[in-house]
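What follows is each chain in one-letter form.
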Amino acid sequence: MSEQELKALRLRIDSLDEKVLELISERARCAQEVARVKMGSLAEGEVPVFYRPEREAQVLKRVMERNKGPLGNEEMARLFREIMSSCLALEQPLKVAYLGPEGTFTQAAAMKHFGHAVISKPMAAIDEVFREVAAGAVNFGVVPVENSTEGAVNHTLDSFLEHDMVICGEVELRIHHHLLVGENTKTDSISRIYSHAQSLAQCRKWLDAHYPNVERIAVSSNAEAAKRVKGEWNSAAIAGDMAAGLYGLTRLAEKIEDRPDNSTRFLMIGNQEVPPTGDDKTSIIVSMSNRPGALHELLVPFHENGIDLTRIETRPSRSGKWTYVFFIDFAGHHRDPLVKSVLEQISQEAVALKVLGSYPKAVL
Ligand SMILES: O=C(O)C(=O)C[C@]1(C(=O)O)C=C[C@@H](O)C=C1
């Protein structure tokens, strides 16, 4: 390509950037107007709701439907995700607590869902994320709930039994683990590998094959593992890209998870009910009396009404020995007439039924 051709193309890019800049600014001014309208239409004592997950899901879906390339749908939606995040920050900067420390996959999930224009707050434990939201110190919390290789995150399920929370969104993240070392690590003398217990489990076969005799040490998070390695010469960590970048570690081996489709689902928790979008999920907790056929009775109304169950999980209830609660996710919104009638049928048989929330299915 000649110098002249390159120059002409860059001039075109400059002129397009100016237009993009003007359009983004116009969009941001529109969002400010939206905020003014929201503030102006409040009833006495009502608090404005700036963050609207149902609307955000619609915007992102529309972008993906209309995108003609060459950028892929996900890539384009990610760009719009960030634009919307910045527009919302003009209306109200959201405060989001997540399972920390910085560099965890939960932080990556929070950014994927809310974009980067939020004030994020790392918490030391899942329960603390719940408490922070309950105390009103943040608008939303982000917690892991299930992994495709390792199953349910029990701390999260148990926290739902203790706190009154509304689930207002979900996000799925492909989890890639790397074996990370620091500048001072002697790579032929690694005698311990740090990571979160779930991540060690997700890489078990790889570790058996490559580091069978090295001690595996479970720590509170992958980011904590990365932090430790920085100061030691004989250790490595299993963690993701964010932690690697944050602690300046390099990858000795990439994508070492045993299953290539290894992914984790995260939930956004808050106090805000989300209206239907037409493509939603609902999460409920049900406790049934301890008798034969109870689970069958619980599931029949879903089957009879053609409602798609996406997950069912069992946990011991806190109220009695050998009694259980079921965590169920299904397609639909609790305001849909069909879902409403199924929930009514179940509540006649159940000891207790709690709707944890209806929320848009993950778009990104
Ligand atoms: O539509 C709204 O209610 C807005 O506040 C605008 C907007 C956007 O930028 O598109 C911003 C934040 C909301 O979470 C949803 C959408």
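Residues numbered from 1 in each chain as written. Predicted model: local features only at pLDDT ≥ 70, side-chain atom pairs only at ≥ 80, totals over all residues. Heavy atoms only, no water.

(A) How the structure looks around the confidence of the model for the chain. In this model, the chain carries a mean pLDDT of 94, and residues with pLDDT of at least 70 account for 99%. Interface confidence in the predicted complex, given as ipTM, is 0.99; pTM for the same model is 0.93. (pLDDT = per-residue confidence, 0-100.)

(B) Here's a closer look at the UniProt feature "site: Essential for prephenate dehydratase activity" (unreviewed entry) in the chain. The UniProt feature table records "site: Essential for prephenate dehydratase activity" (unreviewed entry) at T264. Among the structural elements, T264 can be located in strand β11 (residues 263-270). Those residues in contact with T264 that sit more than four places away from it in its chain are P144, E146, N147, V171, E172, L173 and I175. Looking at T264, its side chain comes within polar contact range of the side chain of N147, at 2.9 Å. (UniProt positions renumbered as here; feature names shortened; annotations may be inferred. Helix = DSSP H or I, 4+ residues; strand = E, 2+ residues; numbered from the N terminus. Contact = heavy atoms within 4.5 Å. Polar contact = N/O pair within 3.5 Å; in protein donor to acceptor, adjacent residues only side chain to side chain.)

(C) Quick look at the sheet that holds strand β9 (residues 235-239). Overall, mixed pairing links the 5 strands, which are arranged β8-β7-β9-β6-β10 in an open sheet. The open sheet has two edge strands, β8 (215-219) and β10 (250-253), and neither has a second partner. The mean inter-strand angle of the sheet, taken between neighbouring strand axes irrespective of direction, is 35°. Pairing analysis gives 3 bridges linking strand β6 (residues 178-181) to β9, with the strands arranged antiparallel. Bridge pairing in β9 links H178 to A239. Along the sheet face, helix α9 (residues 222-230) touches β6, β7 (192-196), β8 and β9 and points at about 155° away from the line of β9. (Pairing = 2+ DSSP bridges. Axes fitted to C-alpha atoms, helices over the stretch in contact; angles between N-to-C directions.)

(D) View of empty space enclosed by the protein. All chains considered together, the criterion is met by 3 cavities of 30 Å³ or more. Going through the elements one at a time, α2 (53-66), α4 (105-114) and β5 (166-174) are the ones with two or more residues in the lining of the largest cavity. Looking at the lining of the largest cavity element by element, the count peaks at 4 residues for α2. For the lining of the largest cavity, a count of residues per class yields 9 nonpolar, 2 polar and 5 charged. Reported here for the second largest cavity is a volume of approximately 60 Å³. In terms of lining, the second largest cavity is formed by 13 residues, of which the most central are S85, L88, L94, F114 and V118. Elements that contribute at least two residues to the lining of the second largest cavity include exactly α3 (73-91) and α4. Take the lining of the second largest cavity: its biggest share by element is 4 residues, from α3. (1 Å grid on protein atoms, 1.4 Å probe; cavity = no way out; pocket = protein on both sides within 12 Å on 5 of 7 lines; lining within 4 Å. Points joined across faces, edges and corners; volume = space filled by probe spheres on them. Nonpolar A, V, L, I, M, F, W, Y, C, P; charged D, E, K, R; others polar.)

(E) Fine view of the packing of α3 against α4. It is the contact of α3 with α4, at a shortest axis distance of 8 Å, that shows an interaxial angle of 80°. Here α3 lies roughly perpendicular to α4, going by the angle between them. The segment α3 lies against α4, with R81, E82 and S85 engaging M111, K112, H113 and F114. Split into classes, the residues belonging to the contact of α3 with α4 amount to 2 nonpolar, 2 polar and 3 charged. (Parallel < 35°, antiparallel > 145°, perpendicular 65-115°, else oblique.)

(F) Quick look at the site of the ligand. By nearness alone, every residue bordering the ligand is listed as R27, V34, K38, F50, Y51, R52, R55, E56, M84, C87, L88 and E91. In the model, an oxygen atom of the ligand is placed 2.8 Å from a nitrogen or oxygen of the R27 side chain. Alone, the ligand offers 360 Å² of accessible surface; in the complex the protein occludes 89% of this. Those elements that place two or more of their residues in the shell around the ligand are α1 (3-40), α2 and α3. In terms of residues, the shell around the ligand owes the most to one element, α3, which gives 4 residues. Among the residues making up the shell around the ligand, the classes are represented as 6 nonpolar, no polar and 6 charged. (Near = heavy atom within 4 Å. Areas by Shrake-Rupley, 256 points an atom, 1.4 Å probe, with all protein chains shown as cover.)

(G) Structural detail: unusual backbone geometry. Cis rather than trans, the peptide bond between G69 and P70 has omega equal to 10°. On the secondary structure map, P70 appears in the loop between α2 and α3. In this structure, the amide linkage connecting G100 to the following residue, P101, adopts the cis form with an omega of -5°. Inspection of the secondary structure assignment puts P101 in the loop between β1 (95-99) and α4. Backbone geometry places K255, a non-glycine residue, at a positive phi of 45°. Checked against the element boundaries, K255 lands in the loop between β10 and β11. The class for K255 is exposed, based on a relative accessible area of 51%. (Buried < 20%, exposed > 50% of the residue type's maximum accessible area, 1.4 Å probe, protein only.)

(H) Up close: the domain arrangement of the chain. Parsing the chain into structural domains produces domain 1 (176-260) and domain 2 (272-358). Here domain 1 and domain 2 have C-alpha centroids that lie 39 Å from each other. (Domains from an automatic or database assignment.)

(I) The arrangement of the side chain of H333 in detail. Looking at the element boundaries, H333 is found in the loop between β14 (324-331) and α12 (337-349). Of note is the side chain of H333, whose polar atom sits 2.7 Å from the backbone oxygen of V274. Beyond its immediate chain neighbours, meaning those up to four positions away, H333 contacts V274, P275, P276, D280, T282, V339 and S358.

(J) Examining the environment of V96 more closely. By the secondary structure assignment, V96 is in strand β1. Since its relative accessible area comes to 1%, V96 is described here as buried.

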